[in-house]
Amino acid sequence: MALGPRLDLRQTQSLVMTPQLQQAIKLLAASNLEIESFVSEALEANPLLEAGSVSREDSGNESGESETPREEPTADLLIAQGGGEGDAPLDIDTSALDRDRDTGAANAEWGAADGSAGVGFEDLPDIAATRAGETTLVEHLDRQIGALAVNAREAFAARHIAGLLDEAGYLHTSLDEITADLGISRDEADDALTVVQMCDPTGVGARDLAECLALQAREADRFDPCMRALIDNLELVARGEVAKLKRLCEVDDEDFADMLGELRGYDPRPGLAFAPAAAAANAVVPDVLLSANDAGGWDIALNEATLPRLIVNRGYFVELDSGGADKATKGWLKEKLADAHWLIRALDQRQKTILKTAAEIVKQQEGFFRRGVAELRPLTLRDVATEIDMHESTVSRVTSGKYLSCDRGCFELKYFFSSGVASSDGEGASAEAIKARIRALTEAEDPKKVLSDQKLADMLKEEGFDLARRTVAKYREAIGIGSSAERRRLKKLAGI
């Protein structure tokens, strides 16, 4: 075949990410709080959208017809992508949403997407608002510094130091940096730090654990030379070298036991008794609410306290459209009307998808909700996706950054997906359940017969869990449990 330029006509098929599809995917992955922010922007940009306060009974338009009926998700809005590999982004079939967009201006039925899917719950109090009322460490110290400082200059420096403390109450910034930043002398910085360390709770303003404990010992009038020697050698306390400590402190068994008991009564992190400075911003607000009902089943609902409620101001549209507007203005109005219609449908579809996924997770992990972490089953995204006829990427987006609140606490939906290990019943056991069992065995072990990793593996095997010693060690370290030697030393100290 001769080489040369030529024209070919070829027909190909490809998937295109339309702006509507990209928006739908972002909405699906967003948490309720992120949706609130997104809707606020949409309300500013679209004059036909309004924040509604629509009840479950009268949701809809004046004629009583609902824009977003509460049926189960249908095939025209959700499609299964099979079992393909990778992250297939086209989880949502937005052809239906696009059709709504194209015909939105002629649609006479308008209502609300109010997040009311699910039954059996009253609105929960807003968690962020609850935490916002707590006093932070900086606020607590600020109220005391004014009375303790000798002048305004010292009070200013002390408040600056208070603002540098971490959540536990420790100061990690050197005094040399503070003197350079504030333009004060080293003596003034020392005096300001002393003011902070005089505040309640005792121990704040310390630069390390030893200083924190020493401040509390001084407050209790127990900082004698023996206690000083004990606090100066905390590394020996951690290693359980009792004999060496008694020699350094020059005390007998009885005095040493009293000193150790006193030391254990001090608070190593005094600042944690107060709300973090960013508590309101970092508070976890659940997206899904779960509760057992009287029939022995479960009530699942979205958290309506954080869900936006949108309605379309149909009357405003009619008023503008019939007010002698030119063709361009009418075209703009129809576009905004279609945008509003599409957004409401997309939000409603997101709610249905979240509820459908959460319901399947509850079904798969019912043992956890009824009996605790020991009953947590191995579960993968593919397992849930197969059951609800969606793609894995859809389940991944739905469960990312979203939390479920139940009687056992508030958990990220991702928490319920856990790898498994073989068990005698053939169903497997969740890694989280294995960790919980290891914790229970180590907490119940005899201080004189601390369990080795091999012994733990043997005991777990007797219970039906087939684990190698190295796997047991990996799980033990993951939950912060020390080795058998470390636990033996700690239990020995605890028995003194």
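Residues numbered from 1 in each chain as written. Predicted model: local features only at pLDDT ≥ 70, side-chain atom pairs only at ≥ 80, totals over all residues. Heavy atoms only, no water.

**Structural notes on the overall build of the protein chain**
Under the convention used in this document: To qualify as a helix, a DSSP run of H or I must reach at least 4 residues; to qualify as a strand, a run of E must reach at least 2; elements of each kind are numbered from the N terminus. Burial classification: accessible surface area is computed with a 1.4 Å probe over protein chains only, and a residue below 20% of its type maximum counts as buried, one above 50% as exposed, and the rest as partly exposed. Any pair of residues with heavy atoms lying within 4.5 Å of one another is described as a contacting pair. The method behind every accessible area is Shrake-Rupley, applied with a 1.4 Å probe, and residues are considered shielded solely by the protein chains displayed.
When you go through the protein chain residue by residue, the secondary structure sums to 23 helices and 9 strands. Here the protein chain holds 496 residues, and 42% of them are scored as buried. Long-range contacts, defined as pairs at least 24 residues apart, comprise 69% of the intrachain contacts of the protein chain with a sequence gap of at least 6. Accessible surface, the protein chain: about 26,400 Å² in total, of which carbon and sulfur atoms supply 49%.

**A look at the packing of helix H10 (residues 225–232) against helix H13 (residues 253–264)**
Our working rule: Fitting a line to C-alpha atoms yields each axis, with helices limited to the stretch in contact; the angle taken between N-to-C directions then spans 0 to 180 degrees. Roughly parallel means an angle under 35 degrees; roughly antiparallel means over 145; roughly perpendicular covers 65 to 115; every other angle is labelled oblique. Handedness of a helix crossing follows the sense of rotation of the near helix relative to the far helix, less than a right angle counterclockwise being left-handed and clockwise being right-handed. In this count, Pro and Cys sit with the nonpolar residues alongside Ala, Val, Leu, Ile, Met, Phe, Trp and Tyr, while Asp, Glu, Lys and Arg are called charged and the others, Gly among them, polar.
Between H10 and H13, the shortest axis-to-axis distance is 11 Å and the interhelical angle comes to 60 degrees. Between H10 and H13, the interaxial angle falls into the category oblique. Handedness of the H10/H13 crossing: right-handed. Residues Cys226, Met227, Leu230 and Ile231 of H10 touch H13, and the partners they reach there are Phe256, Met259, Leu260, Glu262 and Leu263. Counted by class, the contact of H10 with H13 contains 8 nonpolar, no polar and 1 charged residues.

**Description of the environment of Val384**
Checked against the element boundaries, Val384 lands in helix H18 (residues 381–388). By relative accessible area, which is 0% here, Val384 ends up buried. Taking the C-alpha atoms as reference points, Val384 and Thr357, separated by 27 residues in sequence, lie 7.3 Å from one another. In this structure Val384 touches Thr357, Glu360, Ile361, Leu379, Val395 and Phe417, once residues within four positions along its chain are discounted.

**Description of unusual backbone geometry**
Residue Asp200 is joined to Pro201 through a cis peptide bond whose omega torsion reads 0 degrees. With respect to the element layout, Pro201 can be found in the loop between helix H8 (186–197) and helix H9 (209–219). Positive phi is not limited to glycine here, since Asp221 has a value of about 60 degrees. Residue position: Asp221 is located in the loop between H9 and H10. Positive phi values are uncommon outside glycine, yet Asp389 reaches one of about 60 degrees. One can find Asp389 in the loop between H18 and helix H19 (392–399).

**With respect to the confidence of the model for the protein chain**
For clarity, the threshold we go by: By definition, pLDDT measures how confident the predictor is in each residue, and it falls between 0 and 100.
Summing up the model confidence of the protein chain, the mean pLDDT is 75 and the portion of residues at 70 or higher is 76%. Overall, residues 54–133 carries pLDDT values under 50, and its contacts beyond four positions in sequence, including any with other chains, amount to 171 contacts.

**Some details on the sheet that holds strand S6 (residues 403–406)**
Applicable threshold: Here a strand pair is declared whenever DSSP counts at least two bridges between the two strands.
Pairing in this open sheet of 4 strands is mixed, and the strands run S4-S3-S6-S7 from one edge to the other. In this open sheet, the two edge strands, each paired with only one partner strand, are strand S4 (298–302) and strand S7 (409–412). In this sheet, adjacent strand axes meet at a mean angle of 20 degrees when their direction is disregarded. By the bridge criterion, 2 bridges tie strand S3 (residues 288–292) to S6 in an arrangement that is parallel. Each residue of the ladder has a partner; that of Val288, found in S6, is Leu404. Contacts from helix H16 (residues 327–364) reach S3, S4 and S6 within the one sheet, and its direction differs from that of S4 by about 150 degrees.

**Quick notes on the state of the cysteines**
Which entries qualify depends on this criterion: Our working definition of a disulfide is a cysteine sulfur pair at a distance within 2.5 Å.
Summed over the entire model, instances satisfying the criterion amount to 0 disulfides. In this structure Cys410 is not part of a disulfide, and its nearest cysteine sulfur, from Cys406, lies 8.1 Å away. Overall, Cys410 belongs to the partly exposed group, its relative accessible area being 36%.

**Some points on helix H6 (residues 152–164)**
An α-helical turn contains 3.6 residues, so a residue and the one three or four places further along point in the same direction. Note the cut-off: Here a helix's expected span is defined as the number of its residues, less one, multiplied by 1.5 Å. As used here, the arc is the angular range of directions from the helix axis to the C-beta atoms. Distance and chemistry together define a polar contact, namely a pair of N or O atoms within 3.5 Å, with one atom able to donate a hydrogen and the other to accept it when in protein, and with adjacent residues in sequence counting only for side-chain atoms on both sides.
With 13 residues, H6 extends 19 Å between its outermost C-alpha atoms, agreeing within 8% with the 18 Å of an ideal straight helix rising 1.5 Å per residue. Of the positions making up H6, those classed as buried are Glu154, Ala155, Ala157, Ala158, Ile161 and Ala162. Looking straight down H6, one finds that the buried residues subtend no more than 165 degrees of arc, so they occupy a single side. Facing away from the buried side of H6 by more than 90 degrees, the exposed set consists of Ala152 and Phe156. The elements touched by buried residues of H6 are helix H5 (137–148), helix H7 (175–182) and H8. Residue Asn151 occupies the N-cap position of H6, its side-chain oxygen lying 3.2 Å from the main-chain nitrogen of Arg153.

**Brief notes about the pattern of salt bridges**
The condition is simple: Just to be clear on terms, a salt bridge is a Lys or Arg side-chain nitrogen sitting within 4 Å of an Asp or Glu carboxyl oxygen.
Per the stated rule, a full pass over the model turns up 17 salt bridges. With its nearest N and O atoms 3.4 Å apart, the salt bridge here joins Arg186 to Asp190. Taken together, the residues Arg186 and Asp190, both in helix H8 and 4 residues apart, mark about one turn of the helix. According to the relative accessible area criterion, Arg186 is partly exposed, its value standing at 40%. Note on Asp190: relative accessible area 29%, which makes it partly exposed. With a closest N to O distance of 4.0 Å, Arg476 and Glu477 form a salt bridge. Judged by its relative accessible area of 5%, Arg476 falls in the buried class. By relative accessible area, Glu477 is classed as exposed at 54%. A single network of salt bridges, built from pairs that share partners, joins Arg6, Asp8 and Arg10.

**Remarks on the side chain of Glu211**
Tracing the backbone shows Glu211 in helix H9. We classify Glu211 as buried; its relative accessible area is 17%. Ignoring anything within four residues of it in the chain, the contact list for Glu211 reads Gln197 and Ala206.

**Topic: a negative patch on the surface**
Stated formally: Note that patches include only residues with greater than 30% relative accessible area and no salt bridge, and the join distances are 9 Å for like charges and 5 Å for nonpolar side chains (Val, Leu, Ile, Met, Phe, Trp, Tyr). Just so you know, the count uses Lys and Arg for positive and Asp and Glu for negative, and it drops His and the chain ends. Charge placement uses NZ in Lys and CZ in Arg. For Asp and Glu, CG and CD serve respectively.
Among the surface-exposed residues, Asp252, Glu254, Asp255 and Asp258 lie close enough to one another that they form a single negatively charged patch. Considering the arrangement of structural elements, one finds Asp255 in helix H13. Given the relative accessible area of 37%, Asp255 is considered partly exposed.

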